[in-house]
Amino acid sequence: MAERPLTLMAVHAHPDDEATSTGGVLARYAAEGVTTVLVTCTDGRCGDGPGGVKPGDPGHDPASVVAMRQAELEASCEVLKVTHLETLGYADSGMMGWPTNDQPGAFWITPVDEAADRLAELIRQYEPDVIVTYDENGFYGHPDHIQAHRITMAAVAKTDVPAKVYWTTVPRTALGEFGRIMRELGVEWAEPDESEPQLGLPDDEITTWVDTSSYGTQKYDALATHASQTENIFFLQLGRERFTELMGMETFVRVRDVTGAPTPENDLFAGLR
C-alpha cells in the first residue's frame, strides 16, 4: 500500500489571503507532491466591487462581490495547484470597527467553539501534517484574521492531529527594505507608529525561512486572479520579476512541533521527511 502523501493545510480569512502570504509555499509544496488544502473562512463580501466600489457606497452589491470573489478564489487555487479548497462561508466582517463586524453571520461574532468544530472536522478528514495560519493579532489586526487564528488553534487543540503548526510573519528587516523600495518607486509609505503594535518580528525570532522564489510567477499569477481588489493592484504593477524579488521568501514562526527538527529551518516539513 502506498504511503500517504504529506499534507499541508492553510487556514485563511478571505479570498486572496492565500496568495499574499502563502502563495509560494502552496505552489512549492504542491510541486513537490504534497497534498495542499486551503480553508477560506469568509466570503469576502466586504471587498471591492467592480470598478473598485467600496462597501457602503452606491453600487456595492455584497452578493455580487461574493460570487466574483469565489470565482477568483477558485482561479487562484488552479494557479497554485491547490488539491482541495474548503470554504466555511462566514460573512466577511470588514475592518475593525466597521458596522459589518456585528452583522448576523459575521465571522468576527461567530462563537469560536462553533467555527472550531467545523474546522476540526476538516482537520480529521484531511489529517494535515502541517497547518499554517495567522498569529494572535491576525498579523495586522483584521478581525477575521484574528478569528481565523482563534478557531485554528482551538481546532488543533480539539484534534491533536498536526505534527507542526506555524503562524505567518514577516522579518522586520524585510519590512524596512520594502518601505525603502516603496519610497524609491514614489509610493507614499508611512513609517511605523511606535504606539501601535509592530508588524512582523525581529529576524532572530523567525523560526522558518522558506525560499519560494522559484514559484514567484505562480504566486504573482495567483494574486492576479484577485485583481478586482485595489490593494492588490500595486503589487501587480511591480511585474513578476520585482514582485518575486520582494515576495520570494515566505517566513513563519513554528508554534507546535512534535518532530524535534532544529530551528531555524528552511522547510515546513523539516523532521517529517
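Residues numbered from 1 in each chain as written. Predicted model: local features only at pLDDT ≥ 70, side-chain atom pairs only at ≥ 80, totals over all residues. Heavy atoms only, no water.

Colleague: Hey, could you go over the overall build of the protein for me, with residue numbers and the actual values?
Modeller: Helix and strand content of the protein: 8 helices and 7 strands. Expected size for 273 residues packed as a compact globule is a radius of gyration near 19 Å; at 18 Å, the protein falls within 12% of this value. Across its three principal axes, the protein shows a C-alpha extent of roughly 55 × 45 × 40 Å. A burial count over the protein gives 51% of its 273 residues as buried. Put simply, of all contacts in the protein between residues at least 6 apart along the chain, 78% involve residues at least 24 apart. By element, 52% of the accessible surface of the protein is carried by carbon and sulfur atoms, the whole surface being about 12400 Å². Placing the 20 positive and 44 negative side-chain charges of the protein at their respective mean positions leaves the two points 4 Å apart. (Helix = DSSP H or I, 4+ residues; strand = E, 2+ residues; numbered from the N terminus. Rg over C-alpha atoms; globule rule 2.2 N^0.38 Å. Buried < 20%, exposed > 50% of the residue type's maximum accessible area, 1.4 Å probe, protein only. Contact = heavy atoms within 4.5 Å. Areas by Shrake-Rupley, 256 points an atom, 1.4 Å probe, with all protein chains shown as cover. Lys, Arg positive; Asp, Glu negative; His and termini not counted. Charge placed at Lys NZ, Arg CZ, Asp CG, Glu CD.)

Colleague: I'd like a rundown of the pairing of strand β5 (residues 164-169), residues and numbers included.
Modeller: Most of β5 is tucked away: 6 of the 6 residues are buried. Neither face of β5 is open: one carries K164, Y166 and T168, the other V165, W167 and T169, and all of them are buried. When strand β4 (residues 130-133) meets β5, the two strands line up parallel, connected through 4 bridges. Bridging across to β5, V130 finds its partner in K164. In the classification by handedness, the crossover that spans β4, the intervening helix α4 (residues 143-159) and the parallel β5 is right-handed. One ladder, built from 6 bridges, connects β5 with strand β7 (residues 249-257); its direction is antiparallel. (Pairing = 2+ DSSP bridges. Right-handed = clockwise from strand over helix to strand, strands pointing away.)

Colleague: Could you give an account of unusual backbone geometry, with specific residues and numbers?
Modeller: Each neighbour pair has its own omega, and for T263 with P264 the value is 0 degrees, a cis peptide bond. Its identity is not glycine, yet D16 carries a phi of approximately 105 degrees, on the positive side. One can find D16 in the loop between β1 (7-12) and α1 (17-31). Judged by its relative accessible area of 5%, D16 is buried. Positive phi is not limited to glycine here, since F139 has a value of about 70 degrees. Among the structural elements, F139 can be located in the loop between β4 and α4.

Colleague: Report on the sheet that holds strand β3 (residues 84-90), specifying residues and quantitative values.
Modeller: Ordered in space as β3-β2-β1-β4-β5-β7-β6, the 7 strands form an open sheet in which the pairing is mixed. Only two strands of the sheet have a single partner each, and these edge strands are β3 and β6 (208-211). If you compare each strand with its neighbour and ignore which way they point, the axes differ by 25 degrees on average. Sheet analysis places β6 next to β7, joined by 4 bridges and oriented antiparallel. The partner of W209 across the bridge, within β7, is T251. Its contacts with the sheet place α1 against β1, β2 (35-42), β4, β5, β6 and β7, and it is angled at close to 175 degrees to β1. (Axes fitted to C-alpha atoms, helices over the stretch in contact; angles between N-to-C directions.)

Colleague: So what about the side chain of Q147? Which residues, and what values?
Modeller: One can find Q147 in helix α4. Take Q147: its relative accessible area is 1%, and that puts it in the buried class. If near-sequence neighbours (up to four positions away) are discounted, Q147 is found in contact with F107, W108, T110 and V112.

Colleague: Give a detailed account of the side chain of H226, specifying residues and quantitative values.
Modeller: Relative to the assigned elements, H226 resides in the loop between α6 (216-224) and α7 (230-237). Among all residues touching H226, those that are not within four sequence positions of it are P15, D16, E18, E72, L73, S76 and N232.

Colleague: So what's going on with the layout of surface pockets? Residues and values would help.
Modeller: Picture a little ball the size of a water molecule; that probe, rolled over the atoms, points out where space is still empty. Empty space within the second largest pocket amounts to approximately 180 Å³. For the second largest pocket, the lining is made up of 13 residues, of which C46, P55, G56, T100 and Q103 are closest to its centre. Here the residues of the lining of the second largest pocket are counted per class, giving 7 nonpolar, 4 polar and 2 charged. (1 Å grid on protein atoms, 1.4 Å probe; cavity = no way out; pocket = protein on both sides within 12 Å on 5 of 7 lines; lining within 4 Å. Points joined across faces, edges and corners; volume = space filled by probe spheres on them. Nonpolar A, V, L, I, M, F, W, Y, C, P; charged D, E, K, R; others polar.)

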